[in-house]
Amino acid sequence: MNFLNLIEVTGASLLFLVLVFVPMEKVFPAKKEQRFFRKDWVLDFCFFIGQYVLWSGLVLWVLIFFSHYLTNIVSVDFQVLVKSQPFTLQALEVLILSDLIIYWGHRLQHMVNFLWRFHKVHHSAERLDWLAAHREHPIDSIYTIGLINLPVFVMGFPLETIAGVIAFRGIWAIYIHSNVRFPIGPLRMLIGAPELHHWHHDLNRDAGNYANISPIMDLIFGTYVCPDIEPEKFGIKEDFPKNYIGQLIEPMLPKGVWRKVEGSMKNFGNTKIP
Amino acid sequence: MKNIFLKSITLIVFISLVAVFVAYKSGYLGQKGTSIFLSPNGSTITKTNTDSDSLSINYSIPEGRLLMPSSKVLILSEHKEIIDTTKIKLDTTNSERTKAIMGSSKLGRIFEPELKKDITEMKE
């Protein structure tokens, strides 16, 4: 794929996302005062473009490298057995297994300081919408995509089974970040909703609601949180750079080194990078 | 009334677009295969690929199949022809041949013993 194609794909994806989510955000807003071009829009747009144009290739390369090892964990005989099951059973297994993997993988991102270093980039967003869902460090992306695709690597589920699940999980992950409040009553115990995930983005690092498609894992493991109101503030309590370059570099450096880098950036007057 | 109509239309459009997107990614909208990103987990091998160059497979993104290759929706794909092992029987007796073909446990084609028999019969 050449650069022009990449730009086309990025543009088409952007247009599609705007069509899907902006009407929902306008008609069912969670925070009515929030505008389309709200504060930090440019920063989140940098993450969006970065993810599509710069980082997807790198993320893919790393995952391909590790997938060689992952595919050997389970025997070929077992993988053949997995594939020989009826389609609906496979789809159900993929849903449950990937929900369990993603739940614990996500919970670990909040528990383990090393993983949190990268994941906090995503949580640094102080305003949530469909675009803020794309604020993610590339190393965090490798971790997340690895988890999502893990059932394919390890168990040998065919892509015909998992592609739909991953696609739905992906677009739902963007939806639950959107500035939408659309209460679905008791169904919210089964299907993940923005009202749940917004609480996950509360200032408290251990606020709960780690699941993605379905909150069942949160219910099982006691991390389900669902007040009837929106959180007052989103973001993190820690000091964190407010620009794209800073958010990419800070997690990769020891604190002392970062302070020196930050100091020299200020000296050169580069703090206005979007 | 106008408000209800607007809300209903918005919901219908949202649900429809999500459904179309999932169908597109699953390969139900005229795509061949379901691959979005390729992987050694049974990557799409180009016509020029041979067994010996399986380690240098082209991992580029297939054009015309992409929408939202972001971290949220990135799928590492496989190729049906290569790892649809449910339709074949494993020839476990010929490990040397399998080794030569397979770059990783799921990369290569595993020939169906019955197919080999058919080929032999054809030659005769």
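The rules we used
- Residues numbered from 1 in each chain as written.
- Chains lettered and ligands numbered in written order.
- Predicted model: local features only at pLDDT ≥ 70, side-chain atom pairs only at ≥ 80, totals over all residues.
- Heavy atoms only, no water.
- Helix = DSSP H or I, 4+ residues; strand = E, 2+ residues; numbered from the N terminus.
- Buried < 20%, exposed > 50% of the residue type's maximum accessible area, 1.4 Å probe, protein only.
- Contact = heavy atoms within 4.5 Å.
- Core = buried A, V, L, I, M, F, W, Y, C linked by side-chain atoms within 4.5 Å.
- Phe/Tyr/Trp six-rings, centres within 6.5 Å; stacked < 30°, edge-to-face > 60°.
- Salt bridge = Lys/Arg side-chain N within 4 Å of Asp/Glu carboxyl O.
- Polar contact = N/O pair within 3.5 Å; in protein donor to acceptor, adjacent residues only side chain to side chain.
- Axes fitted to C-alpha atoms, helices over the stretch in contact; angles between N-to-C directions.
- Parallel < 35°, antiparallel > 145°, perpendicular 65-115°, else oblique.
- Left-handed = near helix turned anticlockwise from the far one by under 90°.
- Nonpolar A, V, L, I, M, F, W, Y, C, P; charged D, E, K, R; others polar.

Caption draft 1: Layout of the side chain of Thr223 of chain A. All names here are of chain A. Along the chain, Thr223 falls in the loop between helix H9 (216-221) and helix H10 (244-249). Here Thr223 falls in the buried class, since its relative accessible area comes to 9%. Residues contacting Thr223, with those up to four places away along its chain left out, are Tyr103, Arg107, Gly208, Asn209, Tyr210 and Asp218.

Caption draft 2: Layout of the nonpolar core. Grouped together as the largest cluster of nonpolar side chains are 27 residues, with contacts concentrated most on Leu17, Phe21, Trp130 and Tyr175 of chain A together with Phe14 of chain B. Contributions of two or more residues to this core are made by helix H1 (3-27), helix H2 (41-70) and helix H7 (159-175) of chain A together with helix H1 (2-26) of chain B. Every residue in contact with Tyr175 of chain A, bar those within four places of it in the chain, is listed here: Phe21, Met24, Val180, Phe182 and Pro194 of chain A together with Phe14 of chain B. Core analysis: the second largest hydrophobic core is formed by 11 residues, Val94, Phe157, Val165 and Ile166 of chain A among them.

Caption draft 3: Geometry of the packing of aromatic side chains. Residue and element names in this part refer to chain A. A full pass over the atoms with the stated rule returns 21 aromatic pairs over all chains. On the basis of an interplanar angle of 75 degrees and a centroid distance of 5.4 Å, the ring pair of Phe114 and Phe118 is categorised as edge-to-face. Linking Phe114 with Phe118, this pair stays in helix H5 (residues 113-123), spanning four residues, or about one helical turn. Take Phe114: its relative accessible area is 55%, and that puts it in the exposed class.

Caption draft 4: Structural view of the pattern of salt bridges. All names here are of chain A. The full count for this structure, using the stated rule, is 11 salt bridges over all chains. Here Asp44 ties to Arg38 by a salt bridge, and the two come within 2.8 Å at their closest N and O atoms. This pair shows no difference in class: Asp44 is buried, exactly as Arg38 is. Between Asp129 and Arg38 there is a salt bridge, with its nearest N and O atoms 2.7 Å apart. Taken as a pair, Asp129 in the loop between H5 and helix H6 (138-155) and Arg38 in the loop between H1 and H2 lie far apart in primary sequence, 91 residues in all.

Caption draft 5: Local environment of the environment of Ser214 of chain A. Residues and elements named next belong to chain A. The residue Ser214 is located in the loop between helix H8 (194-200) and H9 in this model. Under the relative-accessibility criterion, Ser214 is labelled buried at 8%. Residues Ser214 and Ile7, 207 residues apart in the sequence, show an inter-C-alpha distance of 33 Å. A polar side-chain atom of Ser214 sits 2.8 Å from the main-chain carbonyl oxygen of Leu190.

Caption draft 6: Highlighting the packing of H1 of chain A against H1 of chain B. Contact geometry of H1 of chain A with H1 of chain B gives a least axis separation of 10 Å together with a crossing angle of 150 degrees. Considering their axes alone, H1 of chain A and H1 of chain B lie roughly antiparallel with respect to each other. The two elements H1 of chain A and H1 of chain B meet at a crossing, and its hand is left-handed. Together, Phe16, Leu19, Val20, Phe21, Pro23, Met24 and Val27 of chain A of H1 of chain A and Leu6, Lys7, Thr10, Leu11, Phe14, Leu17, Val18 and Phe21 of chain B of H1 of chain B make up the contact between the two elements. Residues belonging to the contact of H1 of chain A with H1 of chain B are distributed by class as follows: 13 nonpolar, one polar and one charged.

Caption draft 7: A look at the packing of H2 of chain A against H6 of chain A. Residue and element names in this part refer to chain A. Following both chains from N to C, one finds H2 and H6 inclined at 45 degrees, their axes separated by 9 Å at the closest point. The angle between the axes of H2 and H6 places the two elements in the oblique class. As for how H2 packs across H6, the hand of that crossing is right-handed. In this structure, H2 uses Gln51, Trp55, Val59, Val62, Leu63, Ser67 and Leu70 to contact H6, whose residues at the interface are Pro138, Ser141, Ile142, Ile145, Gly146, Leu150, Phe153 and Val154. Each residue belonging to the contact of H2 with H6 can be placed in one class, and the counts come to 11 nonpolar, four polar and no charged.

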